[in-house]
Structure formats: structure tokens, C-alpha cells
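The residues making up each chain are set out below.
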Amino acid sequence: MVAPSPELLAAAAEEAKLAAQHRAEVLAHVGPDAFSAREQQELEPDDWMHTTGRDNFTAAEVQVGKRCHGFHMEMLRQEETPVGSHYQLIHYDVPVLPRGHSLRLHGLVRKELRLSLDDVRARPAETVPVLMACAGTGRSLQKRRLWAHVPWGPDSVGCARWTGCSLAEVLREAGPLPEAAQVIFTGADKGVEKGEVQYFQRSLSLQDAMRGHVLLAYQMNGADLVPAHGAPMRLIVPGWYGMASVKWLTSIEVTAGGWWGCQMDSYSFKRTSHDPKAVPIRQLPVRALMAPPGYPEFVSRTRLVPPGATRVEGRAWAGAVDLERVEFSSDNGRTWLMAELGRKNGPFGWAPWHFDWDATEGTHVLCCRAFDVAGRSQDSFSDEMFNWGSFGSTQPQQVYVKVTAAINDPGSSIDLTNEQKAAKTELVPQTGLTQEMVDALYGAPGSQ
Ligand SMILES: Nc1nc2c(c(=O)[nH]1)N[C@H]1C(S)=C(S)[C@@H](COP(=O)(O)O)O[C@H]1N2
Ligand SMILES: [Mo]
């Protein structure tokens, strides 16, 4: 790994402080002690955008879920997420930009710039492993869930190596005027959202944009960007949820501030659809995930593990903050044990962890959770957790595991009819599975 630049390290130290403040703000507004699903229903009784069903995914969700595919959880064993296994989030159509495309840096600057891919490549490059996650991560773990978006489990993540030039350097060259306060980034993708015709647009404060960690990126894992990930040039905002990392960049406009577009309002922690106190989504929280051990059953995703010593492996992250510990549970979170934690692959990456589990015959629900040095922890399991966009859940991943020696022998049979039937509410009573087990199996698609 190339050593991070002093500028990047200094920005990471600032970002770590801001991340801790952000989490506190979020918890104060929509954390379990501040707000519940019940309270939302009282405030918005005719809300039709949410559902409490975990087996009634709409055709619209399935479609958007197919287009915006998730991370392959088994890739948690790899430090670098291959391009094809990194999640994708694409609001409208993937634009294919012509050769010779250039982006315009304009607005309140001394010198307007036109930047082609060659211009950006010619500048000093930085390569950074960045843990990226969609703000909707864990949406399906919020029981009263927004169905008008991708029904993510914990699987909208990836940690790729991004290469680009420093946005701060480019802005310095353009020279923001004294009244400059906000930078608006526009993508080439156009669509309609919330009744408004728009290009995908997001802003950063000039301060955030100049901190020194934001990249104008053109490579992912050492190869040119593919169209779905923002070719030829995109923003990468390390340590932030993914919505800030605008793809297919066409324009960077420096303004005096006050702009608040659709994608700023949408990506906020809200109590109701119109919430004057909404908290805009920024830095990533702390979180651990495990690569589901053993082998999956095709339909129910039940994991089959042979009895005996089993190394459960995963990764954990906390944006720019360092990790303090990771804990593992083999009894659905009743008791937790300390896992072995390794080092992060850079200031904005993730760290490997493992736990040596003695797998005994029977059914188990495995979980993991992380804590960071800023004192942040994950959410606990709760059906009452609610924020309007179903954003930012960090309820622990649950992995439903059957331990049986039969998995060692190809050709042997293992009956998982009950696990399959448990996917449909009306069949659950026939299965003999407790509601707790059903919830663990199907509470968050994408866990296993
Ligand atoms: N132009 C544009 N940029 C975008 C988006 C988009 O739809 N259009 N989606 C955003 C969201 S919500 C996320 S989570 C990340 C996903 O990046 P990826 O698809 O490369 O993983 O891109 C962000 N940048
Ligand atoms: Mo996202």
C-alpha cells in the first residue's frame, strides 16, 4: 500500500472528530431514546411510503434492487473488493460519456477551469482504500421500512482502492473568491425524483471540500472506472456515506451557499417526510460484518457448517475513526465474546477480524458488532427504530447457521423445507421455527 499523504492524514484526523459529533447529533434526533416507529405513526398516520411487512417487497423494490446490486458478503475475506462485487447505487440511467468529456469548474473562482480526463491524470495522484456504504444500508432492518428505495440489508458496502487527484488542490488552483462558501457537484445522469426534473446533484461546504481527503477519482482498484461506477471521473468523499461521492461529474460550481437540492433533502435523518430539524447524512458510523461461514442453501440462504473448530472472519470500519474492538455472538446477541481485531488498511478503510468458534450440531444465529475509539457503538436490535428514509441502521448482522456433518458429503441430503417456508408469513406456523429464528433468517436480506 502507498503511504497516505500528510494532507490526507491531517484531513482524516479532522474527519474523525466530525464523525463522532455527527453520530451524537443523529442519535439525539432519531436514535432509539429520541424517537420511535410508534411516534412516527402518530405524527403521520396516512403515510403510505412505509410498510411493516418483511415478506411483502414490492415489484418496484425488486427492480431497483436488481439494478443497484449489493456487495457479495463472502468478499469480506478480501481486503480489496473486486469491482464486480462492490455494491452499486444508480438513481437514474447510467450515462456513457463521450471520449474527450471534460468537467467545468466555475462560479465564484478567480480562474474557471476545464478538466479533461488527461488533465486530471496529469496532476499528482493519491490512491486510497475507501470503505463506501450507501446511506440506506440496513434499511430492511428497520421494520417499518421505506419501500420506495433499494431494500438493502447490511450489504451496500465495498472497500475499493480509488485513485484520483486532490479536489482541494484543484480548487486552490481555481482560487475561490472571498464570498465562496459551498461547492455544488453535478452528475451527467438526469431523471425525475419527488416530482422534480433534475441531474443528480450534491454539495459540500467549501470547508469540507478543501479539507484534503476528497478525490477527483478516475480509477478503481488500479483500472479505469467502469460506466456504472462513474466513468470517466467521479467524486470520492472518503469516510462519508456514498451519496456524497457524485458519479459522472460534469460540473463543479463554487457558490455563496444556501443551495439545498433534492438529494440533500432526501439524504437526511428525518422523523417525518417534512422535518424542519432533519439532520443531513454525513460521516459513516462504526460497524462490523462477517463473511457468512460454511456454505449457503440456495433458496433460504441458511448457512451449513460442519461441526468443530470454525474460523469466522469479517471486517469492521468506522470511517476515519480507529476501531477499538469487535465482539462476536453465537446465540443471537444474548452473550458477546471478544474477537481478534487486525489493522485498518488505511485511514478510511477497514480492518480484518476473526473469531474461532466451536460449532456444535444444531441451529445458531451468529452476530458481530464493533466499537470505535471515539466511543461509538452500533445500534441494538429494535423494531421500534425509525427514521423516514430508513437510513444508517447498524443493527448487528444476523447469520442463521445449521451445523451438520452432512455438509461434508456431496450427494447427502439436508432438508431445509422449514427454512424455505419461513419466508412467507402464512407458512411460518407450519415450520416449527420460533419468530426469533424467522426474524434472524429473513429480517435483513443480504446478511447471508
Ligand atoms: N451521479 C450520481 N452519483 C451518485 C449516485 C447517482 O445515482 N448518480 N448515487 C450515489 C449514491 S446514493 C451512492 S451510495 C454511491 C454509490 O457508488 P457506487 O455505485 O460506485 O458504489 O454513488 C453516489 N453517487
Ligand atoms: Mo446511497
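Within any chain, residue numbers begin from 1 and follow the written order of that chain's sequence. Here every chain gets a letter starting at A, and every ligand a number starting at 1, in the order they are written. Residue-level local features of this predicted model are given only where pLDDT is at least 70; pairs of side-chain atoms are given and counted only at 80 or more, and the full residue set underlies all totals for whole chains, interfaces and linings.

1. Section: the overall build of the protein
Link 1 in the chain: A count of helices and strands for the protein gives ten helices and 24 strands.
Link 2 in the chain: Between the two quantities, the radius of gyration covers C-alpha atoms and the globule rule is 2.2 Å times the number of residues to the power 0.38. Here the C-alpha atoms of the protein give a radius of gyration of 22 Å, agreeing with the 22 Å that 2.2 N^0.38 yields for 448 residues.
Link 3 in the chain: Projected onto its principal axes, the C-alpha positions of the protein cover 70 × 50 × 40 Å.
Link 4 in the chain: For the protein, the proportion of its 448 residues judged to be buried stands at 47%. Numbering goes from the N terminus for both helices and strands, where a helix is a DSSP run of H or I of at least four residues and a strand is a run of E of at least two. Exposure in this text rests on C-beta crowding, where 20 or more other C-beta atoms within 10 Å of a residue's own make it buried, 12 or fewer make it exposed, and counts in between make it partly exposed. The C-beta atoms are placed from the backbone.

2. Things to note about the sheet that holds strand β7 (residues 182–193)
Link 1 in the chain: Two strands pair under a simple rule: DSSP has to find at least two bridges between them. Spatially, the five strands line up as an open sheet ordered β3-β2-β12-β7-β8, and their pairing is mixed. Unpaired on one side and paired on the other, β3 (113–116) and β8 (196–205) mark the two borders of the sheet. With direction set aside, neighbouring strand axes in the sheet form an average angle of 25°. Axis lines are fitted through C-alpha atoms, for helices just across the contact stretch, and the angle between N-to-C directions can take any value from 0 to 180 degrees.

3. Description of the environment of Glu42
Link 1 in the chain: You can see Glu42 is positioned in helix α2 (residues 37–43).
Link 2 in the chain: Each C-alpha atom, one on Glu42 and one on Val64, is 29 Å from the other, the two residues being 22 residues apart in sequence.

4. Here's the deal with the nonpolar core
Link 1 in the chain: Joined through C-beta atoms within 7 Å, a set of buried Ala, Val, Leu, Ile, Met, Phe, Trp, Tyr and Cys residues constitutes a nonpolar core. Counting 111 residues, the largest nonpolar core has Val130, Leu131, Leu215, Leu216, Tyr241 and Ala316 as the members making the most contacts within it.
Link 2 in the chain: Of all the elements, helix α1 (residues 6–30) adds the most residues to this core, at eight residues.

5. Description of the sheet that holds strand β24 (residues 398–403)
Link 1 in the chain: Here we have six strands laid out as an open sheet, ordered β16-β17-β24-β23-β19-β20, and mixed in their pairing. Among the strands making up the open sheet, the edge pair consists of β16 (295–296) and β20 (337–338).
Link 2 in the chain: Sheet topology note: the strand β23 (residues 362–372)/β24 ladder contains six bridges and is antiparallel. Residue Thr363 lies in a different strand from β24, and its bridge partner there is Lys402.
Link 3 in the chain: Residues are defined as contacting one another if the C-beta atoms placed from their backbone atoms lie within 7 Å. This element, helix α10 (residues 435–442), spans β23 and β24 of the sheet and lies at about 110° to β24.

6. Focus: the site of ligand 1
Link 1 in the chain: Only the C-beta atom matters for this test: placed from the backbone, it must lie within 6 Å of a molecule or strand for the residue to be near it. Within the structure, ligand 1 sits among 19 residues, and His91, Gly187, Phe200, Gly242 and Lys247 are positioned closest to it.
Link 2 in the chain: Only Asp, Glu, Lys and Arg are considered charged, only Ala, Val, Leu, Ile, Met, Phe, Trp, Tyr, Cys and Pro nonpolar, and every remaining residue, Gly among them, polar. Grouping the constituent residues of the shell around ligand 1 by class yields nine nonpolar, eight polar and two charged.

7. Here's the deal with the UniProt feature "domain: Moybdenum cofactor oxidoreductase dimerisation" (unreviewed entry) in the protein
Link 1 in the chain: UniProt positions are given in the numbering used here, feature names are shortened, and annotations may be inferred rather than shown by experiment. The UniProt feature table records "domain: Moybdenum cofactor oxidoreductase dimerisation" (unreviewed entry) at residues 281–379.
Link 2 in the chain: Helix makes up 0% of residues 281–379 and strand 51%. Its end C-alpha atoms lie 16 Å apart.

8. With respect to unusual backbone geometry
Link 1 in the chain: Backbone torsion omega between Ala231 and Pro232 reads 0°, so that peptide bond is classified as cis.
Link 2 in the chain: With respect to the helices and strands, the residue Pro232 is situated in the loop between β10 (223–224) and β11 (234–236).
Link 3 in the chain: Of note in this structure, Ser390 is not a glycine but carries a positive phi near 50°.
Link 4 in the chain: Residue classification places Ser390 among the buried residues on the basis of 27 C-beta atoms within 10 Å.

9. Describing the environment of Gly446
Link 1 in the chain: Relative to the helices and strands, Gly446 is located in the segment after α10.
Link 2 in the chain: For the pair Gly446 and Tyr295, spaced 151 residues apart in sequence, the C-alpha separation works out to 15 Å.
Link 3 in the chain: Not counting chain neighbours up to four residues away, the residues in contact with Gly446 comprise Gly70, Trp152, Gly153, Pro154 and Asp155.

10. Re helix α5 (residues 167–174)
Link 1 in the chain: Among all positions in α5, only Leu167, Val170, Leu171 and Ala174 are buried. Viewed along the axis of α5, the buried residues span an arc of 100°, placing them on a single side of the element.
Link 2 in the chain: Of the surrounding elements, those touching the buried residues of α5 are β2 (102–107), β3, β6 (157–166), α6 (206–210) and β9 (215–220).
Link 3 in the chain: Positive phi shows up at Gly175, right after α5, with a value of about 75°. Directions from the helix axis toward the C-beta atoms define the arc.

11. Some thoughts on the pairing of strand β22 (residues 351–359)
Link 1 in the chain: Across the two faces of β22 the burial differs, with Ala351, Trp353, Phe355, Trp357 and Ala359 buried and Pro352, His354, Asp356 and Asp358 not buried at all.
Link 2 in the chain: Across nine bridges, strand β18 (residues 308–317) lies against β22 in antiparallel orientation. From the neighbouring strand, Gly308 faces β22, where its bridge partner is Ala359.
Link 3 in the chain: Pairing between strand β21 (residues 340–341) and β22: two bridges, direction antiparallel. The residue of β22 that forms the bridge with Glu340 is His354.

12. Let's talk about the environment of Tyr295
Link 1 in the chain: Structurally, Tyr295 is set in strand β16.
Link 2 in the chain: Of the residues examined, Tyr295 has 11 C-beta atoms within 10 Å and is grouped as exposed.
Link 3 in the chain: A C-alpha to C-alpha distance of 34 Å links Tyr295 and Asn387, two positions 92 residues apart in sequence.
Link 4 in the chain: Non-local contacts of Tyr295, meaning those with residues more than four positions away in its chain, are made with Arg303, Leu304 and Ile407.

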